[in-house]
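The residues making up each chain are set out below.
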Amino acid sequence: MSEATTLSPPPISKPAPKVGFVSLGCPKALTDSELILTQLSAEGYQTSKTFQGADLVIVNTCGFIDDAVKESLDTIGEALAENGRVIVTGCLGAKTGEGGGNLVRQMHPKVLAVTGPHATQEVMDAVHLNLPKPHDPFIDLVPNSFGSAGIKLTPRHYAYLKISEGCNHRCTFCIIPSMRGDLVSRPIGDVLKEAHALFAGGVKELLVISQDTSAYGVDVKYRTGFWDGKPVKTRMLELVQTLGEIAEPYGAWVRLHYVYPYPSVDEIVPLMATGKVLPYLDVPLQHSHPDVLKRMKRPASGERNLERIQQWRAACPELVIRSTFIAGFPGETEEEFSHLLDFMREARIDRAGCFAYSAVDGAVANDIPGMLPMELREERRARFMAVAEEVSASMLQGRVGSTMQILVDSAPGMGKKGGVGRSYADAPEIDGVVRLLPPEKISKTLKVGEFTKARIVGAQGHDLVAQPF
Ligand code: SF4
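Residues numbered from 1 in each chain as written. Predicted model: local features only at pLDDT ≥ 70, side-chain atom pairs only at ≥ 80, totals over all residues. Heavy atoms only, no water.

What to know about the overall build of the protein
So, step 1. When helices and strands are counted, the protein shows 13 helices and 20 strands.
So, step 2. Over its C-alpha trace the protein gives a radius of gyration of 24 Å, about what one expects of a compact globule, namely 23 Å for 469 residues.
So, step 3. Each of the three principal axes of the protein carries a C-alpha extent, and together these read 95 × 65 × 45 Å.
So, step 4. Burial status across the protein gives 53% buried among its 469 residues.
So, step 5. Total accessible area on the protein is roughly 21400 Å²; 56% of this is exposed by carbon and sulfur atoms.
So, step 6. Across the protein, 50 positive and 55 negative side-chain charges occur, with their mean positions spaced 4 Å apart. (Helix = DSSP H or I, 4+ residues; strand = E, 2+ residues; numbered from the N terminus. Rg over C-alpha atoms; globule rule 2.2 N^0.38 Å. Buried < 20%, exposed > 50% of the residue type's maximum accessible area, 1.4 Å probe, protein only. Areas by Shrake-Rupley, 256 points an atom, 1.4 Å probe, with all protein chains shown as cover. Lys, Arg positive; Asp, Glu negative; His and termini not counted. Charge placed at Lys NZ, Arg CZ, Asp CG, Glu CD.)

Examining the sheet that holds strand β19 (residues 451-460)
So, step 1. With respect to topology, five strands assemble into a closed barrel ordered β16-β17-β18-β20-β19, the strand pairing being mixed. Each strand axis lies, on average, 50 degrees off the axis of its neighbour in the sheet, ignoring direction.
So, step 2. Relative to strand β20 (residues 463-468), strand β18 (residues 434-436) is paired through three bridges, and the arrangement is parallel. Counted as the bridge partner of Leu436 is Ala466 from β20. (Pairing = 2+ DSSP bridges. Axes fitted to C-alpha atoms, helices over the stretch in contact; angles between N-to-C directions.)

Description of unusual backbone geometry
So, step 1. Positioned with a positive phi, Lys221 is a non-glycine residue whose angle comes to about 50 degrees.
So, step 2. By secondary structure assignment, the location of Lys221 is in the loop between β9 (205-209) and β10 (224-227).
So, step 3. Owing to a relative accessible area of 71%, Lys221 belongs among the exposed residues under this scheme.
So, step 4. In this structure, Gln286 takes a positive phi of about 70 degrees despite not being glycine.
So, step 5. Locating Gln286 in the fold gives a position in the loop between β13 (280-282) and α10 (290-296).

Details of the pattern of salt bridges
So, step 1. According to the stated counting rule, one finds 25 salt bridges in the structure shown.
So, step 2. Here Arg422 and Asp409 are joined by a salt bridge, their closest N and O atoms 2.7 Å apart. Of this pair, Arg422 sits in strand β17 (residues 419-422) while Asp409 sits in strand β16 (residues 403-410), and the two are 13 residues apart along the sequence.
So, step 3. The class for Asp409 is partly exposed, based on a relative accessible area of 22%.
So, step 4. Three or more residues joined by partner-sharing salt bridges are found here, namely Glu332, Glu334, Glu379, Arg380 and Arg383. (Salt bridge = Lys/Arg side-chain N within 4 Å of Asp/Glu carboxyl O.)

Quick word on the confidence of the model for the protein
So, step 1. Model confidence for the protein is summarised by a mean pLDDT of 89, while 93% of its residues fall at 70 or above.
So, step 2. Element-level pLDDT for the protein is lowest in helix α5 (residues 137-141), with a mean of 41, against a maximum mean of 98 in strand β12 (residues 253-256).
So, step 3. Low pLDDT, under 50, characterises residues 1-12; the predicted model gives this stretch one contact beyond four residues in sequence or across chains. (pLDDT = per-residue confidence, 0-100. Contact = heavy atoms within 4.5 Å.)

Details of the packing of aromatic side chains
The geometry of an aromatic ring pair is captured by two quantities: the separation of the ring centres and the angle between the planes.
So, step 1. Scanning the model with the defined rule gives seven aromatic pairs in all.
So, step 2. An aromatic cluster is present here, built from Phe173, Phe329 and Tyr357 joined pairwise through their rings.
So, step 3. The positively charged end of Arg235 is found above the aromatic ring belonging to Tyr222, 6.0 Å away from the centroid.
So, step 4. Here the guanidinium or amino end of Arg255 rests over the ring plane of Tyr280, the centre of that ring lying 4.5 Å away. (Phe/Tyr/Trp six-rings, centres within 6.5 Å; stacked < 30°, edge-to-face > 60°. Lys NZ or Arg CZ within 6 Å of the ring centre and 35° of its normal.)

Describing empty space enclosed by the protein
So, step 1. Taken as a whole, this structure holds three cavities of 30 Å³ or more when the rule is applied.
So, step 2. Considering the residues around the largest cavity, the lining is formed by Val320, Asp350, Arg351, Ser392, Met395, Leu396, Arg399, Ser423, Ala425, Asp426 and Leu464.
So, step 3. Grouping the amino acids of the lining of the largest cavity by side-chain chemistry returns five nonpolar, two polar and four charged.
So, step 4. A volume near 40 Å³ is recorded for the second largest cavity. (1 Å grid on protein atoms, 1.4 Å probe; cavity = no way out; pocket = protein on both sides within 12 Å on 5 of 7 lines; lining within 4 Å. Points joined across faces, edges and corners; volume = space filled by probe spheres on them. Nonpolar A, V, L, I, M, F, W, Y, C, P; charged D, E, K, R; others polar.)

Some thoughts on the pairing of β16
Regular strands place side chains that alternate from one sheet face to the opposite one.
So, step 1. The pairing of β16 with β19 spans five bridges and is classified as antiparallel. Its bridge partner being in β19, Leu407 is matched across the sheet by Phe451.
So, step 2. The pairing of β16 with β17 spans three bridges and is antiparallel. What sits directly across from Ser410, in β17, is Val420.

A short note on a negative patch on the surface
So, step 1. A contiguous patch of negative charge, built from Asp66, Asp67, Glu71, Glu98 and Asp361, is present on the exposed surface.
So, step 2. The partly exposed category is assigned to Glu71, whose relative accessible area is 44%. (Patch = residues over 30% accessible without salt bridge, like charges linked within 9 Å, V, L, I, M, F, W, Y side chains within 5 Å.)

Quick notes on the sheet that holds strand β4 (residues 86-90)
Paired through backbone hydrogen bonds, the strands of a sheet run either parallel or antiparallel to each other.
So, step 1. On the basis of which strands lie adjacent, the open sheet formed by five strands has the order β2-β1-β3-β4-β5 and parallel pairing. Looking at which strands have only one partner, the edges of the open sheet turn out to be β2 (46-48) and β5 (113-114).
So, step 2. Pairing geometry for β4 and β5, over two bridges, is parallel. Across the sheet, residue Ile87 finds its bridge partner in β5, namely Ala113.

Some points on the packing of helix α12 (residues 334-347) against helix α13 (residues 374-397)
So, step 1. Running from N to C, α12 and α13 point in directions that differ by 15 degrees, and their axes come no closer than 9 Å. Considering the angle they form, α12 stands roughly parallel to α13. Crossing of α12 against α13: the hand is right-handed. Between α12 and α13, the contacting residues are Glu334, Phe337, Leu340, Leu341, Met344 and Arg345 on the first element and Arg380, Arg383, Phe384, Val387, Ala388 and Val391 on the second.
So, step 2. Partitioning the contact of α12 with α13 into residue classes produces eight nonpolar, no polar and four charged. (Parallel < 35°, antiparallel > 145°, perpendicular 65-115°, else oblique. Left-handed = near helix turned anticlockwise from the far one by under 90°.)

Side note on helix α8 (residues 236-247)
So, step 1. If you check α8, its first and last C-alpha atoms are 16 Å apart, about what 12 residues at 1.5 Å a residue would give, namely 16 Å.
So, step 2. The set of residues buried in α8 consists of Met236, Leu237, Glu238, Leu239, Val240, Thr242, Leu243, Gly244, Ile246 and Ala247. (Expected span 1.5 Å × (residues − 1).)

Now the structure itself:
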């Protein structure tokens, strides 16, 4: 047979280059990971959660507290040992080590590239340099195969929506602004477009995140953008109002995180009372005593937080408040700490977390006089948590006998043996859950990502137990 007539086998298509991806850290880091993964997939890279078989590995790190730094450095070490070709991104990537050099490079000189957080383009540049982009005429014609919402790392029925990056505050215990820079708000049109795509894609709960949600739009002087052909200001009130309107036809929830107790929040609470957005506020208060708040340089430290919370509750009795606190901040006196315990009892914060103050490398608070011994900080944390748990338990007990709408997170076998879900009072990952008993009616099923009504029959620790119907 002549060469010309030989039937050659079809060309073996080269497998797409594979990028291993590890995402550590908070929801803000998770949304950075989602942007990078979306871009990788749009360019035809394969992605995986493992190091084996990957052509290179990206580690998205966290650098907030010492434990997170250790976990991130260990993961980079593991990726280097198992794969050898590692790109580092995220908060730890922006951290300086001893003598002023880059900490990650000092600890792991063999990494291919290091970027700070929120650096999709820089990460992609490093990927292109070390693992050339596959050419696929089909994929190359598709600008973004996942729509404007991109790839999500959360289960399909809830998603985080990041509205801004960075922070204009300079809380003395925090190094985020030095890692993530000043506030940069995303254009409101883009944010609303992403929200709409998420709801259209099946998301039933949208979690709005940022470093400071109340400050949305300050950097762009509340510039007017456009959504659906209509002008809309880049400001929290307009954002929340419009998100509520977009969510409504999908019967979906909108939940707000990282809201500071500024007077502007007073305008949001009526939207919660009318059901436009969930009556749930994640307000990181950190302390109650005005002097401690001043030493912390907290946003809205001059506000009368207790009165404000009482006014919010009067305007919206359903309101659930989650907050975080720090016990044993440098210089905290017993009297200041007692003020915090009293505040906790009076404000009746539904969900509270508390850290014993722990020095973060590079934070201004390390130089505040009066560092307390670790045992005292821990002891105060435990005392705070005892009060917080009492408050939370009595708030949960108050729900027994009521009927709530529950978003189902897990329901093996269509829920025939029960399942797990959450009410408006529970944000995923950080709050409690609602344990669902097997439905009494034989025809009743539970499906992940769907809502069910349930009667609350008991409380267990941070969780509720409910009978779906
Ligand atoms: S508000 Fe304070 S704690 Fe929050 S990111 Fe900004 S500086 Fe850090």
